[in-house]
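Coordinate inspection notes
Okay, here's what each chain looks like letter by letter:
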Amino acid sequence: MAAFREEFSRARNIVVLSGAGISAESGVPTFRGAGGFWRRWQAQDLATPSAFKDNPSLVWEFYHYRREVMLSKFPNAGHKAVAECEERLKTQGRNVVVITQNIDELHARAGSKNIIELHGNLFKTRCTKCGNIEINRDSPICEALADKGAPDPDAKDAKIPVSQLPRCMKGKCGALIRPHVVWFGECLEEEVLEKTQKELDRCDLCLIVGTSSVVYPAAMFAPQLAGRGVTVAEFNLEETPATNSFGYHFQGPSGDFLQVALAPHPSESES
Ligand code: BV8
Ligand code: ZN
């Protein structure tokens, strides 16, 4: 950790790449292991355009459930350490950017400002017809979903008619809206990828936190940095397929480790 902190003290453009694991200590289920199931499915069975086309009611129950879960979840020490570090380093003319795969908004709620949401946001909707994107925090998002979305395997699917699912409120559109998230098989937004590439190009230190590094293209970013000699520090409970391409691997809860790793360095007070 001392060696990492030395490099941290000299870095001027820090990228924090996060996945579901950074929110685990907030009680938000990750995609792997037990938490990865909702009723009889895993996220990748429901987070797809074909699942939404075939059964929009089921997919909306899944996202409604995840929206409601967030009402009782809060940023943890890991999110806060990143946000505090961004604010502190800004006064030293140094950048911190969060590039997250998470759609739970916990980085923003912890105070991070410089955030790229690679896979969208649980509290944004997009119209399937006119493309209108809205921020929507309604709980429930529509009457028909009230008290629906129970996660237990034998919970009954609500089979809500499409006409009663969330609809577009822009003008007379009224078409079905969907979560503004990137599903499996969908491309990430062009401008998100461009912004990400710009940050990766100028990055001189990367922390990759709480991700199993299996979903692409997000899983490529840190190995890409390591490939051009940028120091990458992995914070995870376990090793991942990408671990051996990184300079550091801190094994344990990211909430604990990030507080130590990103704390003020003695050299900061000199400048
Ligand atoms: C794309 C938003 C181009 C939705 C997500 C077949 C057809 C089409 C595409 C593919 C295909 N086969 C493969 C692909 C590519 C696919 C992919 O990579 N699939 C994987 C499964 C192999 N990728 C895509 O489809 C992407 N688009 O490729 O477009 C294209 C287009 C058409 C055709 C071909 C290519 C889009 C991927 C985005 C999907 N959307 N999320 C939603 O959330 O509902 S992905 C979602 O899952 C997350 O955003 C995240 O990216 C991923 C989960 O990963 P993690 O965040 O890492 O979480 P996980 O639970 O896995 O791991 C948690 C980690 O934390 C663990 O390591 C654990 O040890 C650690 N941990 C736990 N607790 C702690 C901790 N660490 C520290 N402290 C703790 N306390
Ligand atoms: Zn519309």
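Residues numbered from 1 in each chain as written. Chains lettered and ligands numbered in written order. Predicted model: local features only at pLDDT ≥ 70, side-chain atom pairs only at ≥ 80, totals over all residues. Heavy atoms only, no water.

1. Considering the nonpolar core
Membership of the largest hydrophobic core comes to 31 residues, with the highest contact counts inside it found for W60, Y63 and W183. Elements with a contribution of two residues or more to this core: helix 3 (43-46), helix 4 (49-54), helix 5 (56-69), strand 6 (120-127) and strand 8 (177-181). Ranked by the residues each element gives to this core, the list is headed by helix 5, at five residues. Formed jointly, this core draws a minimum of three residues from each of two domains, domain 1 (1-28 + 75-119 + 188-266) and domain 2 (29-72 + 120-181). If near-sequence neighbours (up to four positions away) are discounted, W60 is found in contact with F52, T125, I141, L145, L165, P166, L176, I177, R178 and P179. Within the second largest apolar cluster, 23 residues are counted, among which are A11, L89, L207 and F250. (Core = buried A, V, L, I, M, F, W, Y, C linked by side-chain atoms within 4.5 Å. Buried < 20%, exposed > 50% of the residue type's maximum accessible area, 1.4 Å probe, protein only. Helix = DSSP H or I, 4+ residues; strand = E, 2+ residues; numbered from the N terminus. Domains from an automatic or database assignment. Contact = heavy atoms within 4.5 Å.)

2. A look at the domain arrangement of the protein
When the domains of the protein are assigned, the result is domain 1 (1-28 + 75-119 + 188-266) and domain 2 (29-72 + 120-181). Every contact between the two is made by 17 residues of domain 1 and, on the other side, 15 residues of domain 2. Together domain 1 and domain 2 conceal approximately 1300 Å² of surface at their shared face, both sides included; 50% is due to carbon and sulfur atoms. Counting the surface domain 1 buries against domain 2, the share from its top three residues, V28, I103 and E105, is 43%. (Buried area = accessible area lost by both parts, 1.4 Å probe.)

3. Some thoughts on the environment of L225
With respect to the element layout, L225 can be found in helix 9 (residues 218-227). Considered as a pair, L225 and A83 are 142 residues apart in the sequence and their alpha carbons are 22 Å apart. Every residue in contact with L225, bar those within four places of it in the chain, is listed here: L200, C203, C206, V230 and V232.

4. As for the pairing of strand 6
A regular strand places its side chains on the two faces of the sheet in alternate fashion. Among the eight residues that make up strand 6, six are buried, leaving the element largely enclosed by the rest of the structure. In the sheet, strand 6 pairs with strand 8 via four bridges, with the strands oriented antiparallel. The residue of strand 8 that forms the bridge with C127 is I177. Bridge count for strand 6 against strand 7 (residues 133-135) is three bridges, and the pairing is antiparallel. What sits directly across from T125, in strand 7, is E134. What sits between the antiparallel neighbours strand 6 and strand 7 is a turn of five residues, in which G131 has the positive phi angle 80°. (Pairing = 2+ DSSP bridges.)

5. Details of the environment of E234
Here E234 is to be found in strand 10 (residues 231-236). Once residues lying within four places of it in the same chain are set aside, the contact partners of E234 are I208, T240, T243, F246, Y248, H249 and F250. Side-chain polar atoms of E234 contact the side chain of T240, separated by 2.6 Å. (Polar contact = N/O pair within 3.5 Å; in protein donor to acceptor, adjacent residues only side chain to side chain.)

6. Thoughts on the pattern of salt bridges
Within the structure shown, the criterion is met by nine salt bridges. One salt bridge connects E268 with R88, and the closest N-O pair in it is separated by 2.6 Å. Of the two residues, E268 is situated in helix 11 (residues 266-270) and R88 in helix 6 (residues 77-90); the sequence distance between them amounts to 180 residues. With a relative accessible area of 10%, E268 lands in the buried category. Each of R39, R40, E61 and D157 takes part in salt bridges that share partners, so that together they form one network. (Salt bridge = Lys/Arg side-chain N within 4 Å of Asp/Glu carboxyl O.)

7. Section: the sheet that holds strand 11 (residues 248-251)
The sheet built from six strands is open, its strands ordered 5-4-1-9-10-11 with parallel pairing. The sheet is open, and its two edges are formed by strand 5 (115-117) and strand 11, each paired on a single side. On average, each strand axis in the sheet is inclined to that of its neighbour by 15°, with strand direction left out of account. Of the strands in this sheet, strand 1 (13-18) and strand 4 (95-100) touch helix 6, which is tilted by about 150° from strand 4. (Axes fitted to C-alpha atoms, helices over the stretch in contact; angles between N-to-C directions.)

8. Structural notes on helix 10 (residues 254-261)
Buried within helix 10 are the following residues: S254, G255, L258 and A261. Taken down its axis, helix 10 places every buried residue within 135° of arc, on the same side. (Arc of directions from axis to C-beta.)

9. What about the UniProt feature "binding site: Zn(2+)" (unreviewed entry) in the protein?
The sites that UniProt annotates as "binding site: Zn(2+)" (unreviewed entry) are C127, C130, C168 and C173. The greatest C-alpha distance among the residues just named is 8.8 Å, despite their covering 47 residues of sequence, which places them together in space. For C130, the position within the fold is in the loop between strand 6 and strand 7. C130 sits in the partly exposed class, given a relative accessible area of 41%. Since its relative accessible area comes to 5%, C168 is described here as buried. (UniProt positions renumbered as here; feature names shortened; annotations may be inferred.)

10. Details of the state of the cysteines
Under the counting rule described, the total for this entry stands at zero disulfides. We note that C142 lacks a disulfide partner, and the nearest cysteine sulfur, in C168, lies 14 Å from it. (Disulfide = S-S within 2.5 Å.)

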